[in-house]
Amino acid sequence: MTRGYSAFALLRHALSGHEHWPQAWRSPEPKPSYDVIIIGGGGHGLATAYNLARKHGIRNVAVLEKGWIGGGNTGRNTTIVRSDYYYPESAAFFDRSVKLYEGLARELNFNIMFSQRGMLTVAHSRSERDMQRRLVNAGALNGVDLEMVTLDEARALCPILNYAPDARFPIIGGMLQRRAGTVRHDAVVWGYARAADQLGVDIIQNCAVTGIERDANGAVIGVETTRGAIATRKIGAAIAGHSTMIADMAGFRLPLRSYGLQAYVSEPLKPALDMVVASNTLGVYLSQSDKGGLVIGGHADAYASYAQRGNLPVMEAVLSALVEFIPSFGRVRLLRQWAGIVDYAHDSSPVIGLSPVPGLYLNCGWGGGGFKAIPAGGECFAHTIATGAPHKLIEAFSLGRFRDLRLVDEAAAAGIEH
Ligand code: FAD
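Keep in mind that this is a model prediction, so the values were computed, not measured.

### Quick look at the layout of surface pockets
- Quantified by volume, the second largest pocket comes out at close to 760 Å³.
- What lines the second largest pocket is a set of 32 residues, and nearest its centre among them are Arg184, His185, Asp186, Lys291 and Arg336.
- Elements with a contribution of two residues or more to the lining of the second largest pocket: helix H6 (185-198), strand E13 (256-266), strand E15 (284-288) and strand E17 (334-345).
- Looking at the lining of the second largest pocket element by element, the count peaks at 4 residues for H6.
- Classifying every residue of the lining of the second largest pocket gives 11 nonpolar, 13 polar and 8 charged.

### Section: the site of the ligand
- Around the ligand there are 38 residues in total, and Glu65, Asn73, Thr74, Thr78 and Lys372 lie nearest to it.
- Between the ligand and the protein, one listed contact pairs an oxygen atom with a backbone N or O atom of glycine 43 at 3.1 Å.
- Within the backbone of valine 209, a nitrogen or oxygen atom sits 2.9 Å from a nitrogen atom of the ligand.
- If the ligand stood free it would expose 1,000 Å²; the protein chains cover 96% of that surface.
- It is E13 that contributes the most residues to the shell around the ligand, 3 residues altogether.
- Partitioning the shell around the ligand into residue classes produces 15 nonpolar, 19 polar and 4 charged.

### Here's the deal with empty space enclosed by the protein
- For the structure on display, the rule yields 3 cavities of 30 Å³ or more.
- Looking at the largest cavity, its volume works out to about 70 Å³.
- Surrounding the largest cavity, Tyr50, Asn51, Lys55, Leu100, Leu104, Glu107, Tyr192, Pro375 and Glu379 form its lining.
- Those elements that place two or more of their residues in the lining of the largest cavity are helix H2 (43-56), helix H3 (88-108) and helix H9 (374-387).
- Each residue belonging to the lining of the largest cavity can be placed in one class, and the counts come to 5 nonpolar, 1 polar and 3 charged.
- Per-class residue counts for the lining of the second largest cavity are 5 nonpolar, 2 polar and 2 charged.

### What about the pairing of strand E19 (residues 360-364)?
- By the criterion of burial, E19 is predominantly enclosed, with 5 of the 5 residues buried.
- Side chains Leu360, Leu362 and Cys364 project from E19 onto one buried face, and the interleaved Tyr361 and Asn363 project onto a second face that is buried too.
- Bridge count for strand E12 (residues 235-237) against E19 is 3 bridges, and the pairing is parallel. Bridge pairing in E19 places glycine 236 opposite tyrosine 361.

### Here we look at the packing of aromatic side chains
- On inspection of all chains with the given rule, the structure shows 9 aromatic pairs.
- On the basis of an interplanar angle of 50° and a centroid distance of 5.7 Å, the ring pair of tyrosine 101 and phenylalanine 114 is categorised as tilted. Of this pair, tyrosine 101 sits in helix H3 while phenylalanine 114 sits in the loop between H3 and strand E4 (119-123), and the two are 13 residues apart along the sequence. Like tyrosine 101, the residue phenylalanine 114 is buried in the burial classification.

### Things to note about the environment of threonine 387
- Inspection of the secondary structure puts threonine 387 in helix H9.
- Judged by its relative accessible area of 45%, threonine 387 is partly exposed.
- Among the polar contacts listed, one links the side chain of threonine 387 to the backbone oxygen of histidine 383, at a separation of 2.7 Å.
- A polar contact is formed between the side chain of threonine 387 and the backbone oxygen of alanine 389, at a distance of 3.1 Å.

### Details of the packing of H3 against H9
- The interhelical angle for the contact between H3 and H9, taken along N-to-C directions, is 105°, at an axis separation of 7 Å. In terms of orientation, H3 lies roughly perpendicular with respect to H9. On the side of H3, the interface is formed by Phe93, Arg96, Ser97, Leu100, Tyr101 and Leu104, while H9 contributes Ile374, Pro375, Ala376, Gly377, Glu379 and Cys380.
- Among the residues forming the contact of H3 with H9, the class breakdown is 8 nonpolar, 2 polar and 2 charged.

### Brief notes about the pattern of salt bridges
- Applying the stated rule across the entire model yields 17 salt bridges.
- Of the charged contacts in the structure, one is a salt bridge between arginine 82 and aspartate 84, with a shortest N-O distance of 2.5 Å. As far as the burial class goes, arginine 82 and aspartate 84 line up, both buried.
- Between arginine 117 and aspartate 290 there is a salt bridge, with its nearest N and O atoms 3.7 Å apart. Of this pair, arginine 117 sits in the loop between H3 and E4 while aspartate 290 sits in the loop between E15 and strand E16 (294-298), and the two are 173 residues apart along the sequence.
- Accessibility expressed as a relative area gives 18% for arginine 117, which makes it buried.
- Connected via shared salt-bridge partners are Asp95, Lys99, Glu102, Asp145 and Arg179.

### Observations concerning the nonpolar core
- Among the nonpolar cores identified, the biggest contains 49 residues, and Phe93, Tyr101 and Tyr192 are the most heavily contacted of them.
- If you list the elements that add at least two residues to this core, you get strand E1 (36-39), H2, strand E2 (61-64), H3, H6 and H9.
- If near-sequence neighbours (up to four positions away) are discounted, tyrosine 192 is found in contact with Leu46, Ala47, Tyr50, Leu104, Leu108, Ile374 and Pro375.
- Counting residues in hydrophobic clusters, the runner-up holds 28 residues, among them Ile230, Ala250, Phe252 and Cys364.

Cut-off values and rules
Residues numbered from 1 in each chain as written. Predicted model: local features only at pLDDT ≥ 70, side-chain atom pairs only at ≥ 80, totals over all residues. Heavy atoms only, no water. 1 Å grid on protein atoms, 1.4 Å probe; cavity = no way out; pocket = protein on both sides within 12 Å on 5 of 7 lines; lining within 4 Å. Points joined across faces, edges and corners; volume = space filled by probe spheres on them. Helix = DSSP H or I, 4+ residues; strand = E, 2+ residues; numbered from the N terminus. Nonpolar A, V, L, I, M, F, W, Y, C, P; charged D, E, K, R; others polar. Near = heavy atom within 4 Å. Polar contact = N/O pair within 3.5 Å; in protein donor to acceptor, adjacent residues only side chain to side chain. Areas by Shrake-Rupley, 256 points an atom, 1.4 Å probe, with all protein chains shown as cover. Buried < 20%, exposed > 50% of the residue type's maximum accessible area, 1.4 Å probe, protein only. Pairing = 2+ DSSP bridges. Phe/Tyr/Trp six-rings, centres within 6.5 Å; stacked < 30°, edge-to-face > 60°. Axes fitted to C-alpha atoms, helices over the stretch in contact; angles between N-to-C directions. Parallel < 35°, antiparallel > 145°, perpendicular 65-115°, else oblique. Contact = heavy atoms within 4.5 Å. Salt bridge = Lys/Arg side-chain N within 4 Å of Asp/Glu carboxyl O. Core = buried A, V, L, I, M, F, W, Y, C linked by side-chain atoms within 4.5 Å.

Scope: geometric values only; no functional claims are made or implied.
So, in structure tokens, the structure goes:
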């Protein structure tokens with residue numbers, strides 16, 4: 001009975017008063033082991049696990065989530081889905097995602113409430129209009145349906161906006177994507193989670209990854225977590241604003257910075273706004289949810305932070321912009337406000353693909369725009385993890401682009417984060 005224990009261990013046990021031998025002193029049990037571990041139970045992590053199981057037959061997969069699934073940015077965002085990007089690489093990727101969203105409720109058998117209500121981005125100046133024309137022309141080349149809209153057409157589409165000619169920034173027209181819209185964010189998480197679970201994926205909540213274990217050649221052999229060590233040869237990290245922390249654990253640096261990005265929801269109103277509207281000049285965009293609340297977003301906070309609350313100057317700027325954009329909402333009361341931690345690369349494009357550590361794959365750098373990317377992100381990331389080579393739709397978004405200076409600078413395609 002005492003074989004294998006030192007006198008010191010026995011003494012410690014006798015003094016501790018424990019009824020059973022401590023776990024660590026018994027003959028070591030084999031660690032749990034998975035073919036793939038996904039870190040992060042947000043939309044990207046769960047969509048990846050689902051695609052690994054569904055499309056690649058890899059079902060011995062665990063999703064490790066430090067809190068609860070959807071508690072990160074996927075459950076905190078303003079849910080805008082669109083594909084009006086400038087560069088062919090971005091347009092192809094994000095338009096694939098919109099198309100996947102169109103069939104996602106049926107695929108997952110879960111009502112994700114995708115509402116393609118259209119998105120109108122107004123222009124307040126000739127230079128802004130020129131930028132929009134450039135985007136619409138790029139869309140024509142990239143196969144993405146974008147339209148220029150005159151002032152009269154904008155007025156007919158969305159009469160509630162401030163069209164006063166003496167406004168501080170008068171509206172002079174805009175750009176429209178009719179297939180853009182909103183999706184219920186937590187339903188995306190639950191839909192993917194349920195489908196992945198049905199295919200055999202383990203979803204483990206309240207389990208934070210605290211370390212990456214590597215062999216003598218530097219390759220991944222497991223993770224340390226708050227619930228014990230787990231063996232694996234492949235890790236997919238999809239942890240948004242905390243990605244640089246995983247990179248730190250694995251011994252390399254990522255060219256990303258994390259900021260708070262806020263969202264605001266008003267008290268419920270009767271239906272008043274039937275499309276998504278945005279003004280990059282004013283720095284605000286919004287839609288009305290099916291429950292009636294105005295879902296409002298704007299610029300990210302000005303300094304890097306992990307605080308999920310956001311700061312006051314941005315709140316004031318976004319809400320005063322809202323009142324300037326739609327004066328009739330001036331007396332609407334704000335119900336809720338929060339922030340999510342989003343990670344930005346220098347060129348405002350994602351980092352998705354291989355990492356410098358064999359067996360560790362990265363899905364990050366989405367900034368304020370990765371919700372719309374979840375279906376295509378999950379599809380491409382699963383392919384990359386399963387095959388060890390990047391999916392062709394994400395080749396341009398590799399980490400290597402920073403070394404080779406082949407940036408995909410999409411800052412102008414959004415203007416503000418959504
Ligand atoms: P997340 O949903 O954040 O999931 C990552 C998960 O990893 C989290 O649940 C976190 O708890 C977990 N995690 C972190 N560290 C660890 C660890 N060590 N161990 C285990 N788990 C860990 N995008 C759009 O396309 N349209 C929009 O309109 C839009 N608006 C936005 C508005 C706001 C206010 C915010 C904050 C974001 C917005 N975004 C938008 C961006 C979008 O929400 C994100 O890009 C997207 O949700 C990222 O998904 P994800 O799965 O990568 O990350």
